[in-house]
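Breakdown of the fold
Here's the letter readout for the chains.
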Amino acid sequence: MRRSRRRWWQAGPALLLPVLLLSALAGQARAEAVPGQPCVVLLHGLWRTELSMKAVQWKLESAGFTVANLTYPSLTHPIQELAQLAVNEGLQQCREAGFDRFDFVTHSLGGILLRQYLAHDEIPGLRRVVMLAPPNQGSQMADFVNSQALLQRFEPVPVAQLGTGEDSLPQQLGPVDFTVGVIAGNLNLRPPLPGIPQEPSDGTVTVEETRVAGMVDFIEVGATHSFIMWNTGVLDQVVYFLQNGHFDHTEPAPPVPAEPHGPPGR
């Protein structure tokens, strides 16, 4: 992951300037932590780092939450190992800050890591979870990659576990038994290439693939998989769910800003 970070930072001032400006604005908007609020652990998706979850972090901090935003090596370990690495690191950061109650906000693979962890370990003090675009039923795109011998040579380790067939790890995890709300994107801007979902999707995961038995709430928004965590309407819904235990269904989420939005590729 260090090498991937260096590539991002070497991308030049044109890429760094928007992030630095956003960081400065976020720092000005940060609120004092609200007593009694849990610590929120953020788990990013495949190919990503904590930079991809910065908008979520800033939004939560402005609402008075303390946040643990971390990077884990998403490409090089199976999901079982990643779950232990990422979830335990996030919990440790929160506990070192003095917290014993925890929320989670996850993107894509991050949601599967949390489900995998909770299938075998308890998290005392776990309160609420929001999953953004999680492949809870596996992913058709993973099926396609797994079926191509050439692509298999380059695929990240977890992709082999994220299909929709009998070996699908997400489908083996069963219903959730914790308080989770799922936000699915339905804006697919990808060209109709082989492996791209034909059903309503965010371009990577179909709307139906995000659903999981036992979830307490579900919403669908106009956002792509890559940038759903930078959508202002989604950010509002994340905070609303963590504060209330359900999403705000009184008004539809505003349309997604012009893509791309946020640090590219990370």
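Now for a description of the structure that goes with this document. Predicted model only: the values in this text are computed from it and were never measured. (Residues numbered from 1 in each chain as written. Predicted model: local features only at pLDDT ≥ 70, side-chain atom pairs only at ≥ 80, totals over all residues. Heavy atoms only, no water.)

Before going further, it helps to examine the packing of aromatic side chains. For the structure on display, the rule yields two aromatic pairs. Between Trp-58 and Trp-230, the ring centres sit 6.3 Å apart and the planes meet at 85 degrees, which makes this aromatic pair edge-to-face. Taken together, the positions of Trp-58 in helix 3 (residues 54-62) and Trp-230 in the loop between strand 6 (217-221) and helix 10 (232-244) put the pair 172 residues apart, joining distant regions of the chain. Comparing Trp-58 with Trp-230, the two get one shared label, buried. Measuring from ring centre to ring centre gives 4.9 Å for Phe-241 and Phe-247, while their planes differ by 40 degrees; the resulting arrangement is tilted. Note on Phe-241: relative accessible area 0%, which makes it buried. We note Arg-211 situated over the ring of Phe-218; from NZ or CZ to the ring centre the distance is 3.8 Å. (Phe/Tyr/Trp six-rings, centres within 6.5 Å; stacked < 30°, edge-to-face > 60°. Helix = DSSP H or I, 4+ residues; strand = E, 2+ residues; numbered from the N terminus. Buried < 20%, exposed > 50% of the residue type's maximum accessible area, 1.4 Å probe, protein only. Lys NZ or Arg CZ within 6 Å of the ring centre and 35° of its normal.)

Applying the stated rule across the entire model yields one disulfide. One disulfide bridge connects Cys-39 with Cys-94, the sulfur atoms lying 2.1 Å from each other. An S-S torsion of about -65 degrees defines the bridge between Cys-39 and Cys-94 as left-handed. Separated by 55 residues along the polypeptide, Cys-39 in strand 1 (residues 39-43) and Cys-94 in helix 4 (residues 79-96) bring together distant segments of the chain. (Disulfide = S-S within 2.5 Å.)

Attention now goes to helix 10. Look at helix 10: 18 Å from first C-alpha to last across 13 residues, which is about the 18 Å you get at 1.5 Å a residue. Among the residues of helix 10, those classed as buried are Gly-233, Val-234, Leu-235, Gln-237, Val-238, Val-239, Phe-241 and Leu-242. On the buried face of helix 10, the contacting elements are strand 1, helix 3, strand 3 (102-107), strand 4 (126-132), strand 5 (179-185) and strand 6. Capping the start of helix 10 is the job of one residue whose side-chain oxygen sits 2.8 Å from the backbone nitrogen of Gly-233: Asn-231. (Expected span 1.5 Å × (residues − 1). Contact = heavy atoms within 4.5 Å. Polar contact = N/O pair within 3.5 Å; in protein donor to acceptor, adjacent residues only side chain to side chain.)

With that out of the way, let us pick up the sheet that holds strand 5. The strands that make up a sheet pair up through hydrogen bonds in the backbone, lying either parallel or antiparallel. The six strands are arranged 2-1-3-4-5-6 in an open sheet whose pairing can be described as parallel. Of all strands in the sheet, those with a lone pairing partner are strand 2 (66-69) and strand 6, marking the two edges. The average undirected angle you get between the axes of adjacent strands in this sheet is 15 degrees. Relative to strand 2, strand 1 is paired through four bridges, and the arrangement is parallel. Paired with Val-41 across the bridge in strand 2 is Ala-68. (Pairing = 2+ DSSP bridges. Axes fitted to C-alpha atoms, helices over the stretch in contact; angles between N-to-C directions.)

Functional significance is not addressed by these values, which are geometric in nature.
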